[in-house]
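Here is how the chains run, residue by residue.
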Amino acid sequence: MFDLTGKTVLVAGGAGYLGQPICTGLAEQGASVVVADMAGERARQLVAQIREKGGSAEAVALDVADQVSSEDTVKKTVDTYGRLDVLVNATFASIGKRVEDLTAEEFDRTNRINLTGAFILARAAADAMPSGGSIIFFSSMYGRVSPDPRIYHAPMNPNPIEYGVGKAGVIQMAKYLAVYWGPRGIRVNVVAPGPFPNPDVQAGHPDFISRLADRVPLGRIGRQNEMAGTIVFLASDASTYLNGATIGVDGGWTAW
Ligand SMILES: NC(=O)c1ccc[n+]([C@@H]2O[C@H](COP(=O)([O-])OP(=O)(O)OC[C@H]3O[C@@H](n4cnc5c(N)ncnc54)[C@H](O)[C@@H]3O)[C@@H](O)[C@H]2O)c1
């Protein structure tokens, strides 16, 4: 049921912190994986690692803010593997400023990637899925609930407004497209991760990490490899009746 042999998966942002184990996990289940990312060198290194383990992967340079780049990436995927079955969009953008300091241009820039870019790439991918497929967007716990400012001690700013607004938009976009493309057999779902701070944040802000962990019913932050299983599920035939859903992978953050 979870076997992805014969499927091609395009992972935008595949070279990122969560993207890397996702790409590896998809390849381990037999998928051909296109690691599409702005960070070309990291994407190529990941592809080399996947191939060393016997998996099939290709790196493609992508700027999801650029419509032509997104459409080219889908085209390259189909040219390389002959088909596209699954799109995962794990790209990330955020300015990190306080409400008072954020400019309109910065608000737009983040959501050109997180929202408009996600839409343009998804539409290009859907056009390349004549026999149906699965599209997986990344939202966030902060697309569902607001950050608690008490966790973010100065000089650290609370998780920024334009990020959460865009991530909330992704949830509605997935519902819209799930309805719109459902008749074509294209499922559109969302994962909303909880706190998965990367190693730099973990090393640089130990007090913040323990405040985050305290806020999670499981009592800890997420581990880097704890997203791949949900993505394999959503990519595979184990989830063929799941459409328009948002799955929180957040240790219970949004449960209270
Ligand atoms: N890590 C967390 O705690 C967390 C929490 C909630 C939601 N999320 C979401 O999970 C997803 C993955 O997060 P992450 O922690 O792996 O982030 P990350 O920053 O480590 O990875 C994001 C990747 O996207 C790439 N990218 C950025 N802009 C791009 C662009 N314009 N075009 C193409 N690629 C681009 C980056 O090069 C990077 O490899 C994101 O959508 C993020 O919003 C993460």
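Up top you'll find the structure we're talking about.
Definitions and limits used
- Residues numbered from 1 in each chain as written.
- Predicted model: local features only at pLDDT ≥ 70, side-chain atom pairs only at ≥ 80, totals over all residues.
- Near = placed C-beta within 6 Å.
- Nonpolar A, V, L, I, M, F, W, Y, C, P; charged D, E, K, R; others polar.
- Axes fitted to C-alpha atoms, helices over the stretch in contact; angles between N-to-C directions.
- Helix = DSSP H or I, 4+ residues; strand = E, 2+ residues; numbered from the N terminus.
- Parallel < 35°, antiparallel > 145°, perpendicular 65-115°, else oblique.
- Left-handed = near helix turned anticlockwise from the far one by under 90°.
- Contact = placed C-beta atoms within 7 Å.
- Buried ≥ 20, exposed ≤ 12 C-beta atoms within 10 Å, placed from the backbone.
- Pairing = 2+ DSSP bridges.
- Right-handed = clockwise from strand over helix to strand, strands pointing away.

## Some details on the site of the ligand
By nearness alone, 26 residues border the ligand, and Gly13, Gly16, Tyr17, Phe138 and Ser140 come closest of all. Partitioned by chemical class, the residues of the shell around the ligand number 18 nonpolar, 6 polar and 2 charged.

## Focus: the packing of helix α1 (residues 19-28) against helix α8 (residues 228-235)
For any two helices packed against each other, one specifies the crossing angle of their axes together with the interaxial distance. Put simply, α1 and α8 touch, their axes get as near as 9 Å, and they point 50° apart. As far as their axial angle goes, α8 and α1 are oblique. Relative to α8, α1 is oriented so that their crossing is right-handed. Of α8, the residues touching α1 (which contributes Pro21, Ile22, Gly25 and Leu26) are Ala228, Ile231, Val232 and Ala235. Residues of the contact of α1 with α8, tallied by class, amount to 7 nonpolar, 1 polar and no charged.

## Examining the environment of Phe119
With respect to the element layout, Phe119 can be found in helix α4 (residues 104-127). Placed 58 residues apart in sequence, Phe119 and Leu177 show a C-alpha to C-alpha distance of 9.3 Å.

## Looking at the pairing of strand β2 (residues 32-37)
Among the 6 residues in β2, 6 count as buried, and that is most of the element. Residues Ser32, Val34 and Ala36 line one face of β2 and the alternating positions Val33, Val35 and Asp37 line the opposite face, and both faces are buried. Where strand β1 (residues 8-12) meets β2, 5 bridges bridge the pair, whose relative direction is parallel. In the sheet register, Thr8 faces β2, and the bridge partner there is Ser32. Following the backbone out of β1, through α1 and into the adjacent parallel β2, one traces a crossover that is right-handed. As paired elements, β2 and strand β3 (residues 56-61) share 6 bridges and run parallel to each other. Looking at the pairing, Ala36 lines up with Val60 of β3. Remark: the β2/helix α2 (residues 40-52)/β3 crossover connection has right-handed handedness.

## Looking at the sheet that holds strand β6 (residues 186-193)
Strand order in the open sheet made by the 7 strands is β3-β2-β1-β4-β5-β6-β7, with parallel pairing throughout. Strands at the two margins of the open sheet, each flanked by one partner only, are β3 and β7 (246-249). On average, adjacent strands in this sheet sit at an angle of 20° to one another, irrespective of strand direction. Along the sheet face, helix α3 (residues 67-81) touches β1, β2 and β3 and points at about 150° away from the line of β1.

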